[in-house]
Amino acid sequence: MRIYKDIFTGDEMFSDTYKMKLVDEVVYEVYGKLVQRKEGEVLLDGANPSLEEADEGTEQNVQSGVDIVLNHRLCETYAFGDKKSYTAYLKEYMKKLVEKLQETSPDQVDVFKTNMNKVMKDILGRFKELQFFTGESMEIDGMVGLMEYREINGDSVPVMMFFKHGLEEEKF
């Protein structure tokens, strides 16, 4: 299993247990599900819940939400009230990513800039449909993941988006 972490904050953003797709070599689209589960229970796709735990008749708090958000302790942020504030954040964040890329992979900087401009334009065009999520530390200077709902095969599916170059893979 691979865990994808924010390179600036170290926050866990998602894992490869979800269906995912790389778009234009710059954005991972990660497909989640709406779930309900007992508080504290973490179930990754492909995991088998323990059959040993019997219900003792005690009341349990139930969490509802998107599995990616719940499993990786992402926090919804309302820091971007309008497109202008998100654009300002995005420009600053992309500048930090380019600096990091110049240190680690200078040969990828031009491709990154070209593809990112296309992706940013597309994302900003859908600004009103997006929700924004930080990692567990709630550090707004790190990556802010995006989520929107898309109609796929007649179902409304939560799709989260994360910038590839702002992530590091950790193998488990």
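Residues numbered from 1 in each chain as written. Predicted model: local features only at pLDDT ≥ 70, side-chain atom pairs only at ≥ 80, totals over all residues. Heavy atoms only, no water.

Under an unreviewed UniProt entry, the name given to the protein chain is Translationally-controlled tumor protein homolog, and the organism recorded is Phyllotreta striolata. Per UniProt, the protein chain carries the Function (unreviewed entry) text "Involved in calcium binding and microtubule stabilization." Among the UniProt annotations of the protein chain, the heading Sequence similarities (unreviewed entry) holds the following wording: "Belongs to the TCTP family." (UniProt positions renumbered as here; feature names shortened; annotations may be inferred.)

> Got a minute to help me understand the sheet that holds strand β3 (residues 19-23) in this structure?
Strand pairing in a sheet relies on backbone hydrogen bonds. The paired strands run either parallel or antiparallel. The antiparallel open sheet is built from six strands, whose spatial order is β3-β4-β10-β9-β8-β7. The open sheet has two edge strands with one neighbour each: β3 and β7 (75-77). Each strand axis lies, on average, 35 degrees off the axis of its neighbour in the sheet, ignoring direction. Along the sheet, helix α2 (residues 83-104) makes contact with β8 (131-134), β9 (145-152) and β10 (155-163), crossing β10 at roughly 50 degrees. (Pairing = 2+ DSSP bridges. Helix = DSSP H or I, 4+ residues; strand = E, 2+ residues; numbered from the N terminus. Axes fitted to C-alpha atoms, helices over the stretch in contact; angles between N-to-C directions. Contact = heavy atoms within 4.5 Å.)

> Sorry if this is basic, but what is going on with the sheet that holds strand β1 (residues 2-6) here?
Pairing within the open sheet is antiparallel, and its three strands lie in the order β2-β1-β11. The outermost strands of the open sheet, each flanked by one partner alone, are β2 (12-15) and β11 (167-171). Each strand of the sheet is rotated relative to its neighbour by a mean of 30 degrees, with strand direction disregarded.

> For this particular structure, what's the right way to read the packing of aromatic side chains?
What describes a pair of aromatic rings is the distance from one ring centre to the other and the angle between the planes of the rings. This model, assessed by the stated rule, comprises 14 aromatic pairs. Centroid distance Tyr89 to Tyr93: 5.6 Å. Interplanar angle 20 degrees. Geometry classified as stacked. Pair noted here: Tyr89 and Tyr93 are both in helix α2, with a separation of four residues, about one helical turn. Taken together, Phe8, Phe80, Tyr86, Tyr89, Tyr93, Phe127, Phe132 and Phe163 form an aromatic cluster joined through their ring pairs. Looking at Lys19, its charged tip hangs above the ring of Tyr31, at a distance of 5.1 Å from the centre. When the ring centre of Phe8 is taken as reference, the NZ or CZ atom of Lys96 above it lies at 4.5 Å. (Phe/Tyr/Trp six-rings, centres within 6.5 Å; stacked < 30°, edge-to-face > 60°. Lys NZ or Arg CZ within 6 Å of the ring centre and 35° of its normal.)

> Even after reading the chapter, I still don't get the nonpolar core, so can you show me in this structure?
Most often, soluble globular proteins keep nonpolar side chains buried together rather than apart. Ranked by size, the top nonpolar core spans 41 residues in total, and within it Phe14, Tyr86, Met94, Phe162 and Phe163 carry the most contacts. Those elements giving two or more residues to this core turn out to be β2, β4 (27-31), α1 (67-71), α2, α3 (109-125), β8, β9 and β10. Sorting elements by how many residues they give to this core places α2 first, with eight residues. Beyond its immediate chain neighbours, meaning those up to four positions away, Met94 contacts Phe112, Met116, Met120 and Phe163. (Core = buried A, V, L, I, M, F, W, Y, C linked by side-chain atoms within 4.5 Å. Buried < 20%, exposed > 50% of the residue type's maximum accessible area, 1.4 Å probe, protein only.)

> So what exactly am I meant to see when it comes to α2 here?
Each α-helix turn comprises 3.6 residues. Residues three or four places apart therefore point the same way. Relative to the 32 Å expected for 22 residues at 1.5 Å per residue, α2 spans 31 Å between its end C-alpha atoms, a close match to the ideal helical length. Tyr86, Thr87, Tyr89, Leu90, Tyr93, Met94, Leu97, Val98 and Leu101 are the residues of α2 that are buried. (Expected span 1.5 Å × (residues − 1).)

> What exactly am I supposed to notice about the packing of α2 against α3 here?
Helix packing for two helices is described by the angle between their axes and how far apart those axes are. Running from N to C, α2 and α3 point in directions that differ by 165 degrees, and their axes come no closer than 11 Å. On the basis of the axis angle, α2 is roughly antiparallel to α3. Judged by the sense of rotation from one axis to the other, the crossing of α2 with α3 is right-handed. Contacts between α2 and α3 pair Lys83, Tyr86, Thr87, Leu90, Met94, Leu97, Val98, Leu101 and Gln102 from the former with Val109, Phe112, Lys113, Met116, Met120, Ile123 and Leu124 from the latter. Of the residues assigned to the contact of α2 with α3, the class counts are twelve nonpolar, two polar and two charged. (Parallel < 35°, antiparallel > 145°, perpendicular 65-115°, else oblique. Left-handed = near helix turned anticlockwise from the far one by under 90°. Nonpolar A, V, L, I, M, F, W, Y, C, P; charged D, E, K, R; others polar.)

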